Protein chains: 2
Amino acid sequence: MRIVRTVRELREAVAAARAAGSTAALVPTMGALHEGHLSLVRAARSEHGFVMLSIFVNPKQFTDAADLAAYPREEGRDAALAEGAGVDLVFAPDAAELYPGGFATTVHVSGAITETLEGAGRGSAHFDGVATVVSKLLIAAAPDAAYFGQKDAQQLVVVRRMVADLGLPVRIVACPTSRDEDGLARSSRNVRLGAEQRIRALAIPRALDAIAEAARAGETDAAALLARGEAVLAQSGVDAEYLALVQPDTLEAVQRVTEPTLCAIAARVGDVRLIDNVLLGDGPGRR
Amino acid sequence: MRIVRTVRELREAVAAARAAGSTAALVPTMGALHEGHLSLVRAARSEHGFVMLSIFVNPKQFTDAADLAAYPREEGRDAALAEGAGVDLVFAPDAAELYPGGFATTVHVSGAITETLEGAGRGSAHFDGVATVVSKLLIAAAPDAAYFGQKDAQQLVVVRRMVADLGLPVRIVACPTSRDEDGLARSSRNVRLGAEQRIRALAIPRALDAIAEAARAGETDAAALLARGEAVLAQSGVDAEYLALVQPDTLEAVQRVTEPTLCAIAARVGDVRLIDNVLLGDGPGRR
């Protein structure tokens, strides 16, 4: 497995792989790899001859300097995990490679897609940062497909919209949220949870389960469904930043759950901000 | 020469040309072709085996609905001129092909580059529209090089910045401003000038000439140089929307002309808005 730092080396490597007859896949990450990322790598591996994984803690998508500073960085460990999962090439640029002096361009996706949920909580600059860096990574690596986790549901919607709008010739593949045995969605931030916080954090997937269960039982009123989730959170003393039922492509709030609907949550446990989601009405086997 | 309407056909055509060993060039236009556009085609033709010309009157870069409505559209004439100049393929999409339903993405270049000169006069949405459509055209056609006229100097600076920032793998080529015998910069808008207006409009290149002449004679004070130009305009009763001396890459105003400096002007003659520019300190043969 190679590790490259520059767009030029990345392009040469993918061109060589393509010349040798492979299709190419990219798994964009901010490092701190866990089983969730590795499941994306395995999905990419199963469909493509050349698998790239990018590691870049993108400063432009952090709206909180402390969150950026606290984000775990452990490239040696990440590289070993990537290699073990079958990655062919790691692209690990420094910030100056992606944002050289005089950089002045922002890719902005407007509307509810970026203004609600995470956009409301973290500020609109967050998704500007996401859309800008993902467009740059997709232009740099020019993969046939790029793999994203359903766990960052809104990021996925923003990326799909940006890719469709700019006409980038890449297939965006969504992979199911990867969960620990106890049900907590895997996240690079989970390592910052203390033992007691970890137990409280389980209220998040339990709240989503309660809502999904009620929906399966026939409840369609959004307020009633959300109340089920809020009750579960309250039992554990977890305050949601948001808990919402939204249309899965536009992210506009829904009043009645009669079509497939995304139920998304963000909550802080201690100083760790966690997000999770579940798609309702998408068949019984979704979890 | 082929005319295609869809990104899919465009991609197939350029892929076929490349498979046959050609490099590919794109000349983006809004149609209403004149000798200036054709000079871009000939420059592209001299360096590339496959030359594409796009015709798209981009609604997103017009901040004035009347200006958009009045913009000349004459595809049959344009196609004949393009073919005569050696274009291999015309890409003439309709608005729905480039901006389908739900389109929500803007490519924005920030700073003086987009806020001064045309950005101040036409509103910042103008260059958002330019950067967005040019990024889409470059992603769609994936040319090795794209050719732009120096006449739209600020557009060229915005495009260069956007291309560098997004890392689009395309060479941006600037070609000299094409002028009629009387010195007026060629523009699709010139056809809207009446005979008397046409004569008054010549004050624009004469003002630039006067400034360039004074700079060659050793004047370095920006205010003194601009006063020379203003005097020429005043003689013809032409009021400049702006007449400015700016650094050529950042477009920040300069006080003293000791390095290569862009002198740019916009002025209305009747209801026709004209722009022009000259690069000072770029050697004696620049005009």
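Everything numeric here is computed off the predicted structure, so don't read it as measured data.

Q: With reference to specific residues and values, describe the pattern of salt bridges.
A: Here the idea is simple: oppositely charged side chains can pair when their charged atoms come close. Residue and element names in this part refer to chain A. This model, assessed by the stated rule, comprises 40 salt bridges over all chains. The partner of R77 in a salt bridge is E74, and the shortest N-O contact between them spans 3.8 Å. A single network of salt bridges, built from pairs that share partners, joins D67, E118, R122, R189, R192, E241 and R273.

Q: So what's going on with the relation of the copies chain B and chain A? Residues and values would help.
A: What relates the two chain copies is a rotation about an axis together with a slide along it. Superposition record for chain B on chain A: RMSD 0.0 Å, screw rotation 180 degrees, translation along axis 0.0 Å. Between the two chains, the operation in question is that of a two-fold axis. No C-alpha of chain B approaches the rotation axis more nearly than that of V107 of chain B, which lies at 2.3 Å. A shared binding surface is used by both copies, with 100% of the interface residues of chain B retained as interface residues in chain A.

Q: Outline the domain arrangement of chain A, supporting the account with residue identities and numerical values.
A: Residue and element names in this part refer to chain A. As assigned here, chain A comprises domain 1 (2–175) and domain 2 (188–279). Each of domain 1 and domain 2 was reduced to a C-alpha centroid, and the two centroids are 26 Å apart. The partner domain 2 presents 18 residues to the 22 residues of domain 1 that form the contact. Together domain 1 and domain 2 conceal approximately 1600 Å² of surface at their shared face, both sides included; 55% is due to carbon and sulfur atoms. On the domain 1 side of the contact with domain 2, L117, E118 and K151 bury the most area, a combined 34% of that side's loss. Taken together, the connections running from domain 1 to domain 2 amount to three salt bridges. Across the domain 1-domain 2 interface, the total number found is six residue pairs in polar contact (both at pLDDT 80 or more). Secondary structure elements with two or more residues in the side of domain 1 that touches domain 2: α3 (65–70), α6 (112–115), α7 (118–122) and α9 (153–166).

Q: Residues and numbers for the side chain of R273 of chain A, please.
A: Residue and element names in this part refer to chain A. By the element assignment, R273 lies in strand β10 (residues 272–280). Polar contacts involving the side chain of R273 include one to the side chain of E118, which spans 2.8 Å. There is a polar contact of 2.6 Å between the side chain of R273 and the side chain of E241. What R273 contacts, discounting residues up to four positions off in sequence, is E118, R122, R189, E241, Y242, A266, A267 and R268.

Q: Please provide a residue-by-residue account of the sheet that holds strand β10 (residues 272–280) of chain B, values included.
A: All names here are of chain B. Spatially, β8-β9-β10 is the arrangement adopted by the three strands of the open sheet, whose pairing is antiparallel. Taken across any chain shown, the strands that pair with only one partner, and hence form the sheet edges, are β8 (240–246) and β10. Along the sheet, successive strands turn relative to each other by an average axial angle of 10 degrees, direction set aside. When β8 meets strand β9 (residues 261–269), the two strands line up antiparallel, connected through six bridges. The residue of β9 that forms the bridge with V246 is L262. Contacting β8 and β9, helix α12 (residues 222–235) runs over the sheet at an angle of about 150 degrees to β8.

Each value, and the rule that gives it
- Residues numbered from 1 in each chain as written.
- Chains lettered and ligands numbered in written order.
- Predicted model: local features only at pLDDT ≥ 70, side-chain atom pairs only at ≥ 80, totals over all residues.
- Heavy atoms only, no water.
- Salt bridge = Lys/Arg side-chain N within 4 Å of Asp/Glu carboxyl O.
- Least-squares fit on C-alpha atoms with pLDDT ≥ 70 in both.
- Contact = heavy atoms within 4.5 Å.
- Domains from an automatic or database assignment.
- Buried area = accessible area lost by both parts, 1.4 Å probe.
- Polar contact = N/O pair within 3.5 Å; in protein donor to acceptor, adjacent residues only side chain to side chain.
- Helix = DSSP H or I, 4+ residues; strand = E, 2+ residues; numbered from the N terminus.
- Pairing = 2+ DSSP bridges.
- Axes fitted to C-alpha atoms, helices over the stretch in contact; angles between N-to-C directions.

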